[in-house]
Amino acid sequence: MTDEPGRARGRRLAAVVFNPVKVPVETLRATVAAAEEEYGWAPTEWFETAEHDSGTAAARAAVATAPDVVLVAGGDGTVRAVAQEIYRTGVPLALLPAGTGNLLARNLHLTLTDLPHAVRTAFTGADRSIDIAFAASRTPDRAVVRRAFLVMAGIGLDANMAANTNPALKKRIGWLAYTDPIARSVLGNKQVHLQYRIDGGRPSALRAHTVIAGNCGTLTANILLLPDAIVDDGLLDVVVFRPKGPFGWARVGSRLATNGLFHRFRSGRWLMQRTPDLKGLNYVQARRFDVRFAAPQLLQLDGDVIGEVTEVALTVLHQGLTLRVPRDDAVDL
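Residues numbered from 1 in each chain as written. Predicted model: local features only at pLDDT ≥ 70, side-chain atom pairs only at ≥ 80, totals over all residues. Heavy atoms only, no water.

A. A look at the packing of helix α2 (residues 25–39) against helix α6 (residues 115–124). Across the interface, α2 lies against α6 with an axial gap of 10 Å and an inter-helix angle of 40°. The orientation of α2 relative to α6 falls into the category oblique. α2 and α6 meet at a crossing whose hand is right-handed. For the pair α2 and α6, contact is made by Thr27, Leu28, Thr31, Val32, Ala35, Glu36 and Tyr39 and by Leu115, Pro116, Val119, Arg120, Phe123 and Thr124, respectively. (Axes fitted to C-alpha atoms, helices over the stretch in contact; angles between N-to-C directions. Helix = DSSP H or I, 4+ residues; strand = E, 2+ residues; numbered from the N terminus. Parallel < 35°, antiparallel > 145°, perpendicular 65-115°, else oblique. Left-handed = near helix turned anticlockwise from the far one by under 90°. Contact = heavy atoms within 4.5 Å.)

So, in structure tokens, the structure goes:
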């Protein structure tokens, strides 16, 4: 229940949605309690995610308390589920990273290991709007489901990696856990037959290993996959992987390994702009990207495997989600 007397006296209210498997709950509660006391907020409301619900029900319950900010303690899947529920309300979302990837927090250059700082930001930070993307997918039984994502949507190899990577191994060694699924794809040369349209234009057909559409550009291990992705530009950045054989994959790997290094410096960005694009990587920016598959394919959103789909419409809502960020970062995300 919301602390109505506290609210009546004008005290602000925070709500926390947390994944109990991924966060040190007692430490988190103590840190939040210290912040609410220091800044004169009402007692915080707490909502725990469930085993088979990344946070949708918890976020819905949190929004019902009319909070001034919602703190999300969990991985990218929890953040995605909460954002999908609260973006319409305008209530700011504060990130308390606790997952394996924490890709949204990494791309925003937010703290990943300083819990007190992240909590203080929730209570004292500034609000900044970023884009929120949506995937309207059709399942093999013809049902259509619309879900939000904040980082990336992946189909083909990318989704199979998310589905087939050992969670325990991923937690222990991070990005290296994906090497086995990647190796099997390279050796098997498995490709997807698809049709796509960019911003409602004419349909085109091709074969590809994977299609990734992102609002953010950096993966784990600081691999820069989408160099031109900006979280608040109203555009999705799409990359299609089409390497031919091990040599083609080696060139793709080399490009991804050096993207981040070159883009740190103006001279590097100048050089990359004048380097011929790889045939194995095709990039495009769009406000809408429609793709249809000859056979059902797995879809992943922010690391969560959604299931098989036959077609997907990817769109973006410009600055549709409010984040609570450190005041020094509010002007320059």
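B. Main features of the pattern of salt bridges. Throughout the structure, instances matching the rule amount to seven salt bridges. Aspartate 304 is the salt-bridge partner of arginine 80, the closest N and O atoms lying 3.7 Å from each other. With arginine 80 in helix α4 (residues 76–86) and aspartate 304 in strand β14 (residues 304–325), the pair connects residues that are 224 residues apart, well separated along the chain. The shortest N-O distance in the salt bridge between arginine 324 and aspartate 127 comes to 2.4 Å. Pair noted here: arginine 324 is in strand β14 and aspartate 127 is in strand β5 (residues 126–138), with a separation of 197 residues, a long-range link. With relative accessibility at 11%, the residue arginine 324 sits in the buried group. (Salt bridge = Lys/Arg side-chain N within 4 Å of Asp/Glu carboxyl O. Buried < 20%, exposed > 50% of the residue type's maximum accessible area, 1.4 Å probe, protein only.)

C. Just the pairing of strand β6 (residues 144–149), in detail. Direction of pairing for β5 relative to β6: antiparallel, over a ladder of six bridges. In the strand pairing of β6, arginine 138 is matched with valine 144. Hairpin connection from β5 to β6: five residues lie between these consecutive antiparallel strands, with arginine 142 at a positive phi of about 80°. (Pairing = 2+ DSSP bridges.)

D. Quick look at the nonpolar core. The biggest cluster of nonpolar side chains holds 43 residues, and the ones touching the most others in it are Leu93 and Leu104. Per-element tally for this core: the top contributor is α4, with four residues. By size, the runner-up hydrophobic cluster in this structure holds 23 residues, among which are Ala133, Ala153, Val192 and Leu206. (Core = buried A, V, L, I, M, F, W, Y, C linked by side-chain atoms within 4.5 Å.)

E. Focus on the pairing of strand β10 (residues 210–214). β10 sits mainly inside the fold: five of its five residues count as buried. Covered by surrounding structure in β10 are Thr210, Ile212 and Gly214 together with Val211 and Ala213, the residues of both alternating faces. Where strand β7 (residues 152–156) and β10 come together, five bridges link them in antiparallel fashion. Residue glycine 154 lies in a different strand from β10, and its bridge partner there is isoleucine 212. For β10 and strand β11 (residues 236–241), the ladder comprises five bridges, and the chain directions are antiparallel. Paired with alanine 213 across the bridge in β11 is valine 238.

F. How the structure looks around helix α3 (residues 56–63). Considered for burial, the residues of α3 that qualify are Ala58, Ala59 and Ala62. Mapping the buried residues of α3 onto a view down its axis gives an arc of 100°, with all of them on the same face. Looking at the buried residues of α3, the elements they touch are β1 (14–18), β2 (45–48) and α4. (Arc of directions from axis to C-beta.)

G. Here's a closer look at unusual backbone geometry. Despite not being glycine, histidine 109 has its phi angle at roughly 60°, a positive value. With respect to the helices and strands, the residue histidine 109 is situated in the loop between α5 (103–107) and α6. A positive phi is found at glutamine 319, a non-glycine position, where the angle reads about 50°. With respect to the helices and strands, glutamine 319 occurs in strand β14.

H. Layout of the environment of valine 21. Note that valine 21 resides in the loop between β1 and α2. A relative accessible area of 71% places valine 21 in the exposed class.

I. The side chain of aspartate 131, seen in detail. Note that aspartate 131 resides in strand β5. Arginine 128 provides the closest opposite charge to the buried, unpaired aspartate 131, separated from it by 9.0 Å. (Lys, Arg positive; Asp, Glu negative; His and termini not counted.)

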